[in-house]
Amino acid sequence: MPTNADVVIAAFDATTGRLALTYYNELLASDFLQRLYAWDASCCWINGGFGVQSPDLYWLATCAFGNYRESKWVVDDRILKQQMQRLVACRIDQAIFPVDIERLLVQRASNLQLLPQEERQRLLFITCAAVRKYHYDTTKEEYGMSLDKNNIDRSYLFGRLLAIAEAVERNTYEGKDKETREPNAIRLQTVFVQQPLHTWTVLEDRLIPYY
């Protein structure tokens, strides 16, 4: 595609007997490609064995506004359409990442015990990418994906402690791949987010046998 070509981006909402135009924009191909690249470079995180990726807009909206029921994510079609349109505008028009979506994802990721392991990994990947994107849009700060040993932020350090507590207990499990028992770190995660110092004393006592 020539970089000076015109690109038309349009979104339609099809209902019975009706087709509505919900989004329209015209850009030079060079601008269009640059905006796609800018989004993927700032809204991304390590996705397991797949490496660094940018999450699908569908999953950003679904994990924020849907519910996990009977082994699948369920989200109202009307809400999904609204939120997808907001995210398309963020990606194409370079609008700031919606703070409500970022906060909903963080809240969901603070209750991992409600999800099976595979969905936990999906949610954590999507949430980390969203948090990274939101902070980049609002402060131009780039969050690194590797361990930052120089970061002395209280929330960051408590997060490291929680990860260590989970690892300490999981490493004692036999047949780890088939183990379904939840470690104390996961069971106490929700209250740990709200009261980390108090909860850590409780968690530390429960970890004594595993040490």
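Quick caveat, the model's predicted, so the values are computed rather than measured.

Draft legend 1. Examining the overall build of the protein more closely. Helix and strand counts for the protein come out as nine helices and six strands. With the C-alpha coordinates aligned to their principal axes, the bounding extent of the protein is approximately 65 × 45 × 30 Å. Evaluated residue by residue, the protein yields a buried proportion of 34% over its 211 residues. Long-range pairs, those at least 24 residues apart, make up 51% of the contacts in the protein between residues at least 6 apart in sequence. When the accessible surface of the protein is split by element, carbon and sulfur atoms take 53% of a total near 13200 Å².

Draft legend 2. Spotlight on a nonpolar patch on the surface. Taken together, V8, F12, L19, L21 and Y24 make up a surface patch of nonpolar side chains, about 550 Å² in accessible area. Breaking the nonpolar patch down by element, the ones donating at least two residues are β1 (6-15) and β2 (18-28). Note on placement: L21 falls in strand β2.

Draft legend 3. The packing of helix α1 (residues 29-42) against helix α3 (residues 77-93), seen in detail. Viewed as axis vectors pointing N to C, α1 and α3 meet at an angle of 115 degrees, and their least axial separation amounts to 8 Å. Here α1 lies roughly perpendicular to α3, going by the angle between them. Within the contact between the two elements, α1 uses F32, R35, L36, W39 and D40 and α3 uses L87, C90, R91, I92 and D93. Of the residues that constitute the contact of α1 with α3, the class distribution is six nonpolar, no polar and four charged.

Draft legend 4. Inspection of the pairing of β2 at higher detail. For β1 and β2, the ladder comprises 10 bridges, and the chain directions are antiparallel. When the bridges of β2 are listed, A14 appears paired with L19.

Draft legend 5. Structural context of helix α9 (residues 196-207). Over its 12 residues, α9 runs 16 Å from end to end, which matches the ideal 16 Å to within 8%, given 1.5 Å per residue. Inspection of α9 places P196, T199, W200, L203 and L207 among the buried residues, and these make up the whole buried set. End-on, the buried residues of α9 take up no more than an arc of 105 degrees, which puts them together on one face. With respect to the buried face of α9, the exposed residues turned more than 90 degrees away are L197, H198 and D205. The inward-facing, buried residues of α9 contact α6 (154-170), α7 (184-187) and α8 (189-194).

Draft legend 6. Fine view of the nonpolar core. Counting 25 residues, the largest nonpolar core has W39, L60, L87, F97, L105 and L123 as its most contacted members. Sorting elements by how many residues they give to this core places helix α5 (residues 117-139) first, with six residues. Core analysis: the second largest hydrophobic core is formed by 10 residues, L162, V168, L188 and L207 among them.

Draft legend 7. Summary view of the packing of aromatic side chains. Counted under the stated rule, the structure contains four aromatic pairs. Taking 5.9 Å as the distance between ring centres and 80 degrees as the angle between the ring planes, the aromatic pair formed by F158 and F192 counts as edge-to-face. In this pair, F158 sits in helix α6 while F192 sits in helix α8, placing the two residues 34 residues apart along the sequence. Taking the ring centre of W59 as reference, the NZ or CZ of R122 above it sits at 3.8 Å.

Draft legend 8. Fine view of α6. Relative to the 24 Å expected for 17 residues at 1.5 Å per residue, α6 spans 25 Å between its end C-alpha atoms, a close match to the ideal helical length. Along α6, the residues that are buried comprise F158, L162, A165, V168 and E169. Buried residues in α6, looked at end-on, bunch into an arc of 125 degrees, giving them a common side. The inward-facing, buried residues of α6 contact α7, α8 and α9. Between a side-chain oxygen at the N-terminus of α6 and the backbone nitrogen of S155 the separation is 3.1 Å; the capping residue is D153.

Draft legend 9. Up close: the pattern of salt bridges. Counting across every chain of the model gives seven salt bridges. A salt bridge links R86 to D100, with the shortest nitrogen-to-oxygen separation between them at 2.9 Å. One end of the pair, R86, is in helix α3; the other, D100, is in helix α4 (residues 99-109), and 14 residues separate them in sequence.

Conventions used here
Every chain begins its residue count from 1, and numbering advances along the sequence as written. It should be noted that, the model being predicted, local features are given only for residues of pLDDT at least 70 and side-chain atom pairs only at 80 or more, the latter also being counted only at that level, while totals for whole chains, interfaces and linings use all residues. By convention in this description, side-chain values take in all heavy atoms of the structure and omit both hydrogens and water. Counting from the N terminus, the helices are the DSSP runs of H or I reaching at least four residues and the strands are the DSSP runs of E reaching at least two. Burial classes follow relative accessibility: with a 1.4 Å probe on protein chains only, a residue under 20% of its type's maximum area counts as buried, one over 50% as exposed, and anything between as partly exposed. A contact between two residues is defined here by any heavy atoms of the two lying within 4.5 Å. In these tables, accessible area is a Shrake-Rupley quantity obtained with a 1.4 Å probe, and a residue counts as shielded only by the protein chains included in the view. Residues with no salt bridge and a relative accessible area higher than 30% make up the patches, which join like charges within 9 Å and nonpolar side chains (Val, Leu, Ile, Met, Phe, Trp, Tyr) within 5 Å. Salt bridge, as used here: a side-chain nitrogen of Lys or Arg that lies within 4 Å of a carboxyl oxygen of Asp or Glu. Convention adopted: a line fitted to C-alpha atoms gives each axis, helices being fitted over their contacting stretch, and angles between N-to-C directions are expressed from 0 to 180 degrees. For this classification, under 35 degrees means roughly parallel, over 145 means roughly antiparallel, 65 to 115 means roughly perpendicular, and everything else is oblique. Charged residues are taken to be Asp, Glu, Lys and Arg, nonpolar residues to be Ala, Val, Leu, Ile, Met, Phe, Trp, Tyr, Cys and Pro, and polar residues to be all remaining types, Gly included. Think of it this way: DSSP has to see at least two bridges between two strands before they count as a pair. A helix is expected to span 1.5 Å multiplied by its residue count minus one. Arc definition: directions from the helix axis to the C-beta atoms. In these notes, a set of buried Ala, Val, Leu, Ile, Met, Phe, Trp, Tyr and Cys residues joined through side-chain atoms within 4.5 Å is what counts as a nonpolar core. By convention, a stacked pair of Phe, Tyr or Trp rings (six-membered ring in the case of Trp) has centres within 6.5 Å and planes under 30 degrees apart, an edge-to-face pair has planes over 60 apart, and any other such pair is tilted. Here, a charge over a ring is recorded when the distance from Lys NZ or Arg CZ to the ring centre is within 6 Å and its angle to the ring normal is within 35 degrees. By the criterion applied in these results, polar contacts are pairs of N or O atoms within 3.5 Å in which, for protein atoms, one can donate a hydrogen and the other can accept it, and in which residues neighboring in sequence qualify only through two side-chain atoms.

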